[in-house]
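Breakdown of the fold
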Amino acid sequence: QKHVINLYFFLFAKFVFVLLLTATIIIGLTLSGASFILNESIQQISRHTETIDKEFNKVNQEIQKVNAELKRIEYTLNERKQWSALILPILKEVHPPLVTLSGLTINNEGTAFIMQGKAQNREVLIALQAQLKKLNFVNDVTLPLENLIRQDHIEFQMTVKLKS
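Rules behind the numbers
Residues numbered from 1 in each chain as written. Predicted model: local features only at pLDDT ≥ 70, side-chain atom pairs only at ≥ 80, totals over all residues. Heavy atoms only, no water. Helix = DSSP H or I, 4+ residues; strand = E, 2+ residues; numbered from the N terminus. Buried < 20%, exposed > 50% of the residue type's maximum accessible area, 1.4 Å probe, protein only. Polar contact = N/O pair within 3.5 Å; in protein donor to acceptor, adjacent residues only side chain to side chain. Core = buried A, V, L, I, M, F, W, Y, C linked by side-chain atoms within 4.5 Å. Contact = heavy atoms within 4.5 Å.

1. Considerations on the environment of arginine 150
Residue position: arginine 150 is located in the loop between β3 (138-142) and β4 (152-162). A relative accessible area of 51% means that arginine 150 is categorised as exposed. Distance in space between the C-alpha atoms of arginine 150 and asparagine 121 is 8.0 Å, their sequence separation being 29 residues. Here histidine 153 takes part through its backbone oxygen, which lies 3.5 Å from a polar atom of the side chain of arginine 150.

Here it is, written out as structure tokens:
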């Protein structure tokens with residue numbers, strides 16, 4: 001009878017061992033399949049992330065180019081003289097028919113411009129020169145002497161130098 005109990009115990013142990021082994025194999029296969037699916041998902045996410053990173057870098061580079069261009073434009077606008085703000089006060093000093101302008105030429109550096117036109121007489125031309133010198137952005141107004149030879153109906157050319 002002891003032998004039968006040992007046999008039952010052995011068979012029960014063998015059954016439990018086989019059951020545990022089978023459960024372990026099933027769990028192992030399930031985990032292995034899940035691991036495979038997770039690895040595939042991780043690789044797919046990694047590829048997708050790389051694609052997004054490349055697109056992000058392209059967009060970021062474009063944004064940097066646009067920002068650099070905007071900074072260049074802003075710098076250029078800030079450094080340029082606002083010619084309309086300078087020319088308007090000058091034109092207010094020109095009073096037709098006493099003085100008429102036929103040309104206005106700005107030098108390349110933007111530090112001066114040349115006014116051409118006709119003045120009714122010498123006094124009007126000298127008065128225009130004096131008024132232009134009074135403007136706060138004007139450094140000097142040069143009127144060549146040959147423009148002052150005639151008394152009436154003077155064609156003139158004067159250089160207006162601007163303050164820095």
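What follows continues from the structure just given.
2. Considerations on the nonpolar core
Of all hydrophobic cores here, the largest spans 21 residues; its most connected members are Met115, Leu132, Phe156, Met158 and Val160. Top element by residues in this core is β4. It accounts for five residues. If sequence neighbours within four positions are ignored, valine 160 has contacts with Thr111, Ala112, Phe113, Met115, Leu132, Val138, Asp140 and Val141.

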